[in-house]
Amino acid sequence: MAAALRLEAVDPRRNAPLAFLTGLVGAALVFGAVQLANDPGLFLQTFMKSMGLGSTYALIALGFVLIFKATQTVNFAQGALAATGALFLSFLATDGNIPFTSVSNPINSLGGPGWMSWGLNVIVALAFAAAVGLVVERLAIRPMIGEPLFSVAVITLGLEIMFRVFNNDAVEVEFRPLGVPWLANGFKVGDRLINWSFIAAMVTAAAAFVAVYFFYRSRLGIAMRAVAFDQEAAMAQGVSVGRVFAIAWAAGAVLAAVGGIFATQPPVAQTLSVDQETANIAFRALPAVILGGLDSASGALLGGLIVGVAEIYAGQYAAGNVSWLGAGYPLIVPYIVMIIGLLIRPYGLFGTPEIRRV
Amino acid sequence: MLTVANLEVVYNEVILVLRGLSVEVPDGSIVALLGANGAGKTTAVRAITGLLDVHEGDITKGSVTWNGTDISHYKPSRIVEAGITQVMEGRRVFAELTVDENLSAGAFTVRDRKENTEAYERVMTLFPLLQSRRRDTAGYLSGGEQQMLAIGRALMAAPQLLILDEPSLGLAPMLIEQIRDIIVDINAGGVSVLLIEQNAMMALSIAHYGYVMESGKVVMDGEPKKLLADEDVQEFYLGLRAEGERRSFRDVKHYKRRKRWLS
Ligand SMILES: Nc1ncnc2c1ncn2[C@@H]1O[C@H](COP(=O)(O)OP(=O)(O)O)[C@@H](O)[C@H]1O
Ligand SMILES: [Mg+2]
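None of these values were measured; they are calculated from a predicted model.

Participant: What exactly am I supposed to notice about the confidence of the model for chain B here?
Facilitator: As a general rule, the predicted coordinates of low-pLDDT regions are not to be interpreted in detail. Residue and element names in this part refer to chain B. When pLDDT is averaged across chain B, the result is 90; 90% of the residues are at 70 or more. Under a pLDDT of 50 for its full length, residues 241-263 has, in the predicted model, 38 contacts with residues more than four places off or in other chains. Two summary scores accompany this predicted model of the complex, namely pTM at 0.88 and ipTM at 0.89.

So this is what it looks like as structure tokens:
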């Protein structure tokens, strides 16, 4: 009797994603076993590739989630922020000057191994991204507190276009290398290459999610979740909503920039350079965000990985076998997965039903 | 001491809700502010704690003075830092956060680790019930537990003045008594209390002074003994008629109350 009651009491919100996942994993296991037996090298390469792509999507999705959870705004400028961060890294690392000046970047003359100064340049570029996030929030978002959410979303769309134009014209994005130390190199399993960039994306995403997990349990992170849940009650505790918004935007912009850096590398792109395509990473990651649920960090991770796996495996195993599919079709796979996901769970796998949809 | 003087508050630039409200909370006392639904009690709390902005409300006249300083244009966080916290109407606990995280949110303005620990221990002593539920999600607590959490959260910033907006709302009589005793305890610890209630019996049984509010201003004030003896208060807030017969004040609200207090 007690057991039966407990079964009924299980939150259906946890059940559905579980069922969805079980089905997906089951099918993948059968299919994977066949492919693994056929060509183990290819299968492993495909898996690592899909994890690399999924991690990049998850990073971008996490940026969306941080901003949305705190401010209820879908930040459509995430892609342009991604490209801006990557562009700044290219200024620092490849042009070798402090951006917008002709003063040479002191980090590059520090000596030491190349990867170390590159790492420092990444940190400076991310700090710049955070600053851009802060400025955008202060100038364009803060004045809109209390205004209709739709208007705020449209403002972010305007920002996206503004930043894109600025990046593309004023700064002349052609192909600007980022100076990534591992280039397109990797290690071999059998005769299949597994890129270091896949591993780097996975490690970075893991670090970012762990960091956000701990942040959400810190004093500021608790304040941010309190604001997300009940803004007025949070204000009544003395939480400064403005500061929470600022931190969310800074963190969101940093995650966008990290995603932007991986958007120039395999498996997302082969150029190792910022170009006009880089800003599109946010739109490619959008299905992952929606699938996971706009307000859930775990959703961002799961959504990113599911979409990444679907896109890469579809590209790898269906392309050669189904002749009528065009070359670009893997790019629509994320949207198909998203639509199926939304049919099962309209608010995303981990989304909160109360959330208004923009 | 908190002094609210001739306060006028307007929502959306047209709806006049407070019409010259004057209330005082001397240091160390419990002051009850009574009034029917819609009298403007919550609006008064918002005006004192800086939350009118959220509701498109503005103070158009009068002042809120705290220990001699006009605080009517302070931001909510600055008011908390100045020593005024509140238990909002309807509890408003952060249901998705744990009990500990709710308390931690209440301590947002407290930077000192030691002060923080002390406040936490005070709250745990006051509410031993919360101790065993520290890691539970606040949304799964019972109504009474949530009210205790809301009070504990408001105490985390170690206030000098605690404002409670209808803490007895929706609670069983046993729990109301518990909450009442806790308010007395808190006050005994040196915290002034502004107790907003529709439950006049509960509030007047512990208050040092009381105000009765109607349509945005005070229509009667005095010692609890005086208020309890008043025929109108008996009839409309305690549900007693002169002959002792029970009757809801809602039934008579419209004709009689207005006749006596407004004429
Ligand atoms: N945000 C608001 N905008 C417009 N009118 C409001 C708002 N909040 C409250 N009111 C009105 O102000 C009056 C007083 O409300 P309130 O302060 O909540 O009273 P009480 O707490 O005594 O029940 C009511 O008539 C209510 O409709
Ligand atoms: Mg009220």
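Participant: Would you mind showing me how to read the side chain of Ser168 of chain B here?
Facilitator: With respect to the secondary-structure elements, Ser168 of chain B resides in the loop between strand 7 (161-165) and helix 7 (173-188). With near-sequence residues (within four places) excluded, Ser168 of chain B lies in contact with Ile176, Glu197, Asn199 and Met202 of chain B.

Participant: Please clarify how the coordination of the magnesium ion (ligand 2) should be interpreted in this entry.
Facilitator: A metal bound by six donors in octahedral fashion has ideal angles of 90 or 180 degrees, whereas one bound by four tetrahedral donors has an ideal angle of 109.5 degrees. Residue and element names in this part refer to chain B. Surrounding the magnesium ion (ligand 2) are the protein donor atoms Thr42 (OG1) and Glu89 (OE), which sit 2.0 Å from the metal. Of the two residues, Thr42 is situated in helix 1 (residues 41-49) and Glu89 in the loop between strand 6 (84-87) and helix 3 (99-106); the sequence distance between them amounts to 47 residues. When its relative accessible area of 34% is taken as the criterion, Glu89 is described as partly exposed.

Participant: Sorry, what's going on with the site of ligand 1 here?
Facilitator: Residues and elements named next belong to chain B. With respect to spatial proximity, 15 residues lie near ligand 1, and among them Gly38, Gly40, Lys41, Thr42 and Thr43 are the closest. Between an oxygen atom of ligand 1 and a side-chain N or O atom of Asn37, the distance comes to 3.4 Å. A distance of 2.7 Å separates an oxygen atom of ligand 1 from a polar side-chain atom of Thr42. Surface burial for ligand 1 is 68%, taken as the share of its 560 Å² of free accessible area covered by protein chains. Where the shell around ligand 1 is concerned, the elements lending two or more residues are strand 2 (15-25) and helix 1. Counting residues per element, the shell around ligand 1 draws most heavily on helix 1, which supplies four residues. Grouping the constituent residues of the shell around ligand 1 by class yields five nonpolar, seven polar and three charged.

Participant: Just to check I follow, could you spell out the pattern of salt bridges for this structure?
Facilitator: Pairs can form between side chains of opposite charge once their charged atoms are near each other. Counting across every chain of the model gives 16 salt bridges over all chains. Where Arg133 of chain B meets Asp136 of chain B, a salt bridge forms, and the shortest distance between an N and an O atom there is 3.0 Å. Judged by its relative accessible area of 22%, Arg133 of chain B falls in the partly exposed class. Taking relative accessible area as the criterion, Asp136 of chain B reaches 29% and is therefore assigned partly exposed. Beyond isolated ion pairs, a larger network of salt bridges with shared partners links Asp39, Asp191 and Arg192 of chain A.

Participant: Is there a simple way to think about unusual backbone geometry in this case?
Facilitator: Most peptide bonds adopt trans geometry, and most residues besides glycine take a negative phi value. A cis amide bond links Pro266 of chain A to the next residue, Pro267 of chain A, at an omega of 5 degrees. Among the secondary structure elements, Pro267 of chain A is positioned in the loop between helix 10 (241-262) and strand 4 (273-274). Residue Leu272 of chain A is not a glycine yet carries a positive backbone phi of 60 degrees. Structurally, the position occupied by Leu272 of chain A is in the loop between helix 10 and strand 4. Relative accessible area serves as the criterion here: at 14%, Leu272 of chain A is assigned to the buried category. In this model, Asn67 of chain B sits at a positive phi of 50 degrees, which is unusual for a non-glycine residue. Relative to the assigned elements, Asn67 of chain B resides in the loop between strand 4 (57-66) and strand 5 (69-70).

Participant: Looking at this structure, how should I read the interface of chain B and chain A?
Facilitator: Reports often express the size of an interface as the amount of accessible area lost when the parts come together. Between chain B and chain A, the contact holds 24 residues from the first and 20 residues from the second. In total, chain B and chain A occlude about 2,100 Å² of area from one another, counting both sides; carbon and sulfur atoms represent 60% of this. Along the contact surface separating chain B from chain A lie three salt bridges. Of the charged contacts in the structure, one is a salt bridge between Glu232 of chain A and Arg92 of chain B, with a shortest N-O distance of 2.9 Å.

Participant: Looking at this structure, how should I read the sheet that holds strand 4 of chain B?
Facilitator: Hydrogen bonds between backbone groups are what pair the strands of a sheet, and the pairing can be parallel or antiparallel. Residue and element names in this part refer to chain B. Across the sheet, which stays open at both edges, the four strands sit in the order 2-1-4-5 with antiparallel pairing between neighbours. At either margin of the open sheet sits one strand with a lone partner, and together these are strand 2 and strand 5. Taken together, the two bridges between strand 4 and strand 5 define a ladder with antiparallel strand orientation. Residue pairing for strand 5: Thr65 is matched across the bridge by Asp70. Helix 1 contacts strand 1 (2-11), strand 2 and strand 4 of the sheet and is inclined by roughly 110 degrees relative to strand 1.

Participant: Explain the packing of helix 3 (residues 40-71) of chain A against helix 7 (residues 196-215) of chain A here, please?
Facilitator: Residue and element names in this part refer to chain A. Across the interface, helix 3 lies against helix 7 with an axial gap of 8 Å and an inter-helix angle of 35 degrees. Of the two possible hands of crossing, helix 3 and helix 7 adopt the one that is left-handed. Mapping the contact onto sequence places Gln45, Met48, Lys49, Met51, Gly52, Ser55, Thr56, Ala58, Leu59, Leu62 and Leu66 in helix 3 and Phe198, Ile199, Ala201, Met202, Thr204, Ala205, Ala208, Phe209 and Val212 in helix 7. Considering only residue class, the contact of helix 3 with helix 7 consists of 14 nonpolar, five polar and one charged.

Participant: What is the right way to look at the packing of aromatic side chains in this model?
Facilitator: Centre-to-centre distance and the angle between the planes together describe a pair of aromatic rings. Residues and elements named next belong to chain A. One pass over the structure, following the stated rule, counts ten aromatic pairs over all chains. Aromatic side chains Phe215 and Tyr216 sit 6.0 Å apart centroid to centroid with 40 degrees between the ring planes, which places their arrangement in the tilted category. Overall, the relative accessible area of 23% leaves Phe215 in the partly exposed class. For the ring pair Tyr313 and Tyr317, a centre distance of 5.8 Å and an interplane angle of 20 degrees mean the geometry is stacked. Taken together, the residues Tyr313 and Tyr317, both in helix 12 (residues 297-318) and four residues apart, mark about one turn of the helix. The class for Tyr313 is buried, based on a relative accessible area of 13%.

Participant: Whenever I open this one, a negative patch on the surface confuses me. Can you help?
Facilitator: A surface patch of like charges, here negative, comprises Glu147 of chain A together with Glu13, Asp53, Glu56 and Asp58 of chain B. Among the secondary structure elements, Glu13 of chain B is positioned in the loop between strand 1 and strand 2. You can call Glu13 of chain B exposed: its relative accessible area is 69%.

Participant: Explain a nonpolar patch on the surface here, please?
Facilitator: Residues and elements named next belong to chain A. A surface patch of nonpolar side chains, about 590 Å² in accessible area, is lined by Ile332, Ile336, Ile339, Ile340, Leu343 and Ile344. Topologically, Leu343 is positioned in helix 13 (residues 333-344). Looking at Leu343, the relative accessible area reads 69%, which means it is exposed.

What counts as what
Residues numbered from 1 in each chain as written. Chains lettered and ligands numbered in written order. Predicted model: local features only at pLDDT ≥ 70, side-chain atom pairs only at ≥ 80, totals over all residues. Heavy atoms only, no water. pLDDT = per-residue confidence, 0-100. Contact = heavy atoms within 4.5 Å. Helix = DSSP H or I, 4+ residues; strand = E, 2+ residues; numbered from the N terminus. Donors = N, O, S within 2.8 Å, 3.2 Å for Na, K, Ca; no water. Buried < 20%, exposed > 50% of the residue type's maximum accessible area, 1.4 Å probe, protein only. Near = heavy atom within 4 Å. Polar contact = N/O pair within 3.5 Å; in protein donor to acceptor, adjacent residues only side chain to side chain. Areas by Shrake-Rupley, 256 points an atom, 1.4 Å probe, with all protein chains shown as cover. Nonpolar A, V, L, I, M, F, W, Y, C, P; charged D, E, K, R; others polar. Salt bridge = Lys/Arg side-chain N within 4 Å of Asp/Glu carboxyl O. Buried area = accessible area lost by both parts, 1.4 Å probe. Pairing = 2+ DSSP bridges. Axes fitted to C-alpha atoms, helices over the stretch in contact; angles between N-to-C directions. Left-handed = near helix turned anticlockwise from the far one by under 90°. Phe/Tyr/Trp six-rings, centres within 6.5 Å; stacked < 30°, edge-to-face > 60°. Patch = residues over 30% accessible without salt bridge, like charges linked within 9 Å, V, L, I, M, F, W, Y side chains within 5 Å. Lys, Arg positive; Asp, Glu negative; His and termini not counted. Charge placed at Lys NZ, Arg CZ, Asp CG, Glu CD.

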